[in-house]
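This is what each chain is made of:
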Amino acid sequence: MGKELLWGYIDKEGEMVIEPRFHSARNFHEGLACVNVDWARGYIDREGKFVIEPQYQYAGPFHDGKAKVMLDDVWKYIDREGKKVGDAEPENMADDSVPLEEPYPTPKGKKFGYADKDGKFVFRKTFVQAKPFSEGRAAVLVKVEV
């Protein structure tokens, strides 16, 4: 067996709450996070269950109940059930910018941990890569046996 880099999610105590199984993972917005599986993007809830199955070439974060996605080279907005709610233009792509919660991802040697605003590490676990907390969850990159 080899090792593969996969993203999962931790809580503020550093406990893995959504097992690493994604090729990439983004922050939670309005209770959903965009993740990649086999290079298709979809959305999971805070428990890690797919709400919208991976199918999109691009999928942005939810804002005001809708997200901008691309499917078959066509841009559109979808609702939380994945239903089209409008057409979208390719420019002005949505980003991941929302107020983020502490602790912050902080380099610790060649890995990342989480530190409070004073730079004190909150827990000792380290990750290959780490994203800021949003809605009580943070995406982390780990090596897993496959």
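Residues numbered from 1 in each chain as written. Predicted model: local features only at pLDDT ≥ 70, side-chain atom pairs only at ≥ 80, totals over all residues. Heavy atoms only, no water.

Draft legend 1. Focus on the overall build of the chain. Secondary structure summary: the chain contains 0 helices and 15 strands in total. A buried classification covers 41% of the 146 residues belonging to the chain. Considering only contacts within the chain whose residues lie at least 6 apart along the sequence, 42% involve residues at least 24 apart. Accessible surface, the chain: about 8100 Å² in total, of which carbon and sulfur atoms supply 50%. (Helix = DSSP H or I, 4+ residues; strand = E, 2+ residues; numbered from the N terminus. Buried < 20%, exposed > 50% of the residue type's maximum accessible area, 1.4 Å probe, protein only. Contact = heavy atoms within 4.5 Å. Areas by Shrake-Rupley, 256 points an atom, 1.4 Å probe, with all protein chains shown as cover.)

Draft legend 2. Broad picture of the sheet that holds strand β10 (residues 84-87). Spatial strand order, β7-β8-β9-β10: 4 strands in an open sheet with antiparallel pairing. Strand pairing shows two members of the sheet lacking a second neighbour, β7 (58-59) and β10, which therefore form its edges. Two strands pair when backbone bridges link them, and strand β9 (residues 74-78) and β10 are joined in this way by 3 bridges, in the antiparallel orientation. By the bridge assignment for β10, Tyr-77 is matched with Gly-86. (Pairing = 2+ DSSP bridges.)

Draft legend 3. Local environment of the sheet that holds strand β11 (residues 104-108). The antiparallel open sheet is built from 3 strands, whose spatial order is β11-β12-β13. The open sheet has two edge strands with one neighbour each: β11 and β13 (121-127). On average, each strand axis in the sheet is inclined to that of its neighbour by 30°, with strand direction left out of account. Bridging between β11 and strand β12 (residues 111-115) involves 5 bridges; their strand directions are antiparallel. (Axes fitted to C-alpha atoms, helices over the stretch in contact; angles between N-to-C directions.)

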